[in-house]
Amino acid sequence: EELLMKETMKNLLQMVIDERISYEQSQQLSIIVSKIWTRARINDRWTLNFVKQCSALINPRLVSGEPDHQMCGLRALNIVLQGSFEAGGDVIKDVQDLYRVLSKLLTSPEKEKQTAAAETVALMASDKKMCYNLASQCFNLLKTLYKNPDIEKDVKLRTLVGMSKMTASSGGDIHQKIVAEGAGQRLHKQVKQYLLSEPTEDVKKWVFEALAYLTIDAEVKFDLIPVQPCPTLLPVSL
């Protein structure tokens, strides 16, 4: 059984690295990763080997220095992160200069590289510690990317989710805010535009994820649910 899991993961990640896959396909592959990871967790050796195998396939590409190889490495990493954030987090620990790689690809003129990097940032930002590091190094890059009128919607959605998670990382504690006050409300206005434009299922997925984090902010909750005037209280005859 262990050999079957190893062979399946090898073929799966190699396919992601070597071929261009659609968003729908990536979602299906992440489900397979999740099932394999769940099975691997019953044995400590299997768990360790799962992470080692992922690292062996992904890390050399991320540290290669070649943008095309780094993009392929990020796409494979994203599949693992979606399938198991725990396993993906262990893979990330072994990657040197990952934030530098993300910054480089976020500023690439090519859509595929921007998309891969923006998605990695959006996924990693679910972890509070990673989110702080990402915010300090990538938030302004995401903001610049989002404001670029020539950027594709796929990239914009991923940058939107990444920024939304960063604005929520303080959990409402004003002393731990790492993004300027009011950023959540500004992002919420952008999110609403997507909801009002008959979004596809893909768009809804990213928009709802952004909302899940933005609505931690009480001001965003207030904007999301307009306050209705209270009905006049009438005396009740007893």
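Above this text you will find the structure in question.
Described in the following lines is the structure provided in the data block. (Residues numbered from 1 in each chain as written. Predicted model: local features only at pLDDT ≥ 70, side-chain atom pairs only at ≥ 80, totals over all residues. Heavy atoms only, no water.)

Things to note about the nonpolar core
- Counting 71 residues, the largest nonpolar core has Phe50, Leu74, Met124 and Leu134 as its most contacted members.
- Sorting elements by how many residues they give to this core places helix H8 (residues 128–147) first, with nine residues.
- With sequence-adjacent residues up to four places away left out, Leu74 is seen in contact with Leu62, Leu98, Leu102, Leu105, Ala116, Ala117 and Thr120. (Core = buried A, V, L, I, M, F, W, Y, C linked by side-chain atoms within 4.5 Å. Buried < 20%, exposed > 50% of the residue type's maximum accessible area, 1.4 Å probe, protein only. Helix = DSSP H or I, 4+ residues; strand = E, 2+ residues; numbered from the N terminus. Contact = heavy atoms within 4.5 Å.)

Quick look at helix H1 (residues 2–18)
- For H1, with 17 residues, the first-to-last C-alpha span of 24 Å sits near the 24 Å given by 1.5 Å per residue.
- By the burial criterion, the buried members of H1 are Glu2, Met5, Met9, Leu12, Leu13, Val16 and Ile17. On an axial view of H1, the arc spanned by its buried residues comes to 135°, and they lie on one face. Structural note: H1 exposes Leu3, Leu4 and Asp18 on the side pointing more than 90 degrees away from its buried face.
- Tucked into the core, H1 has its buried residues touching helix H2 (23–40), helix H3 (44–62) and helix H4 (67–83). (Expected span 1.5 Å × (residues − 1). Arc of directions from axis to C-beta.)

A short note on the packing of H4 against helix H7 (residues 111–124)
- Running from N to C, H4 and H7 point in directions that differ by 35°, and their axes come no closer than 9 Å. At the point where H4 passes H7, the crossing takes the left-handed sense. Packed against H4, whose contacting residues are Pro67, Asp68, Met71, Leu74, Arg75, Leu77, Asn78, Leu81 and Gln82, the element H7 presents Glu112, Lys113, Ala116, Ala117, Glu119, Thr120, Leu123 and Met124 at the interface.
- Residue composition of the contact of H4 with H7, grouped by class: nine nonpolar, three polar and five charged. (Axes fitted to C-alpha atoms, helices over the stretch in contact; angles between N-to-C directions. Left-handed = near helix turned anticlockwise from the far one by under 90°. Nonpolar A, V, L, I, M, F, W, Y, C, P; charged D, E, K, R; others polar.)

Considering the environment of Gln70
- Assignment of secondary structure puts Gln70 in helix H4.
- Relative accessible area serves as the criterion here: at 1%, Gln70 is assigned to the buried category.
- Once residues within four sequence positions are removed from consideration, Gln70 is found in contact with Arg61, Leu62, Ser64, Gly65, Val101, Lys104 and Leu105.

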